[in-house]
Amino acid sequence: SLGVAGIDIKNIKKIVVACDAGMGSSAMSAAALKKKVKAANLPIEVINTAISKIPDDADLIITHVELTGSVS
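Residues numbered from 1 in each chain as written. Predicted model: local features only at pLDDT ≥ 70, side-chain atom pairs only at ≥ 80, totals over all residues. Heavy atoms only, no water.

Please clarify how the sheet that holds strand E3 (residues 60–63) should be interpreted in this entry.
Sheets are built from strands paired through backbone hydrogen bonds, the pairs being either parallel or antiparallel. The sheet built from three strands is open, its strands ordered E2-E1-E3 with parallel pairing. The sheet terminates laterally at strand E2 (45–50) and E3, the two strands that pair on one side only. The mean angle between the axes of side-by-side strands here comes to 25°, regardless of whether they run parallel or antiparallel. Examined bridge by bridge, strand E1 (residues 14–19) and E3 share four bridges and lie parallel to one another. Within E3, the position partnered with Ile-15 by the bridge is Leu-60. Running over the sheet, helix H1 (residues 25–39) touches E1, E2 and E3 and is turned about 175° from E2. (Pairing = 2+ DSSP bridges. Helix = DSSP H or I, 4+ residues; strand = E, 2+ residues; numbered from the N terminus. Axes fitted to C-alpha atoms, helices over the stretch in contact; angles between N-to-C directions. Contact = heavy atoms within 4.5 Å.)

Next up, the structure:
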């Protein structure tokens, strides 16, 4: 099943929402996304973090367009 932008969500196990410090916008966005994931009964972990600390096991990274160049 395909989700937004043609992403195959059955292969997504971990979504990381990242911002500069990992506390402000990413925390709020991750909380809202967690509710949606839970309501849809999807087996996906949603976490938030600083852009510099994105874990290697992230399947999908959500961040502000101005920070995309900071993702390594």
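Please explain a nonpolar patch on the surface as it appears in this structure.
A grouping of Ile-7, Ile-9 and Leu-42 is seen on the molecular surface, where their side chains present a nonpolar patch of about 190 Å² in accessible area. Within the secondary structure, Ile-7 sits in the segment before E1. (Patch = residues over 30% accessible without salt bridge, like charges linked within 9 Å, V, L, I, M, F, W, Y side chains within 5 Å. Areas by Shrake-Rupley, 256 points an atom, 1.4 Å probe, with all protein chains shown as cover. Salt bridge = Lys/Arg side-chain N within 4 Å of Asp/Glu carboxyl O.)

Explain the pairing of E1 here, please?
As a general feature of sheets, a regular strand has side chains that alternate between the two faces. Most of E1 is tucked away: six of the six residues are buried. The alternating pattern of E1 places Lys-14, Val-16 and Ala-18 on one face and Ile-15, Val-17 and Cys-19 on the opposite face, and all of these are buried. Here E1 runs beside E2; their pairing, made up of six bridges, is parallel. Bridge pairing links Ala-18 to Thr-49 in E2. (Buried < 20%, exposed > 50% of the residue type's maximum accessible area, 1.4 Å probe, protein only.)

I keep staring at the nonpolar core and nothing clicks. Help me out?
Most often, soluble globular proteins have nonpolar side chains that are buried together. If you look at the biggest cluster of nonpolar residues, it comprises seven residues: Ile-12, Ile-15, Val-17, Ala-30, Val-37, Ile-44 and Val-46. When contributions to this core are tallied by element, the ones reaching two or more residues are E1 and H1. The contacts of Ile-15, once residues within four sequence positions are left out, are Leu-33, Ile-44, Glu-45, Val-46, Ile-47, Leu-60 and Ile-62. In this structure, Val-16, Ala-18, Ile-54 and Ala-58 belong to the second largest nonpolar core, which totals five residues. (Core = buried A, V, L, I, M, F, W, Y, C linked by side-chain atoms within 4.5 Å.)

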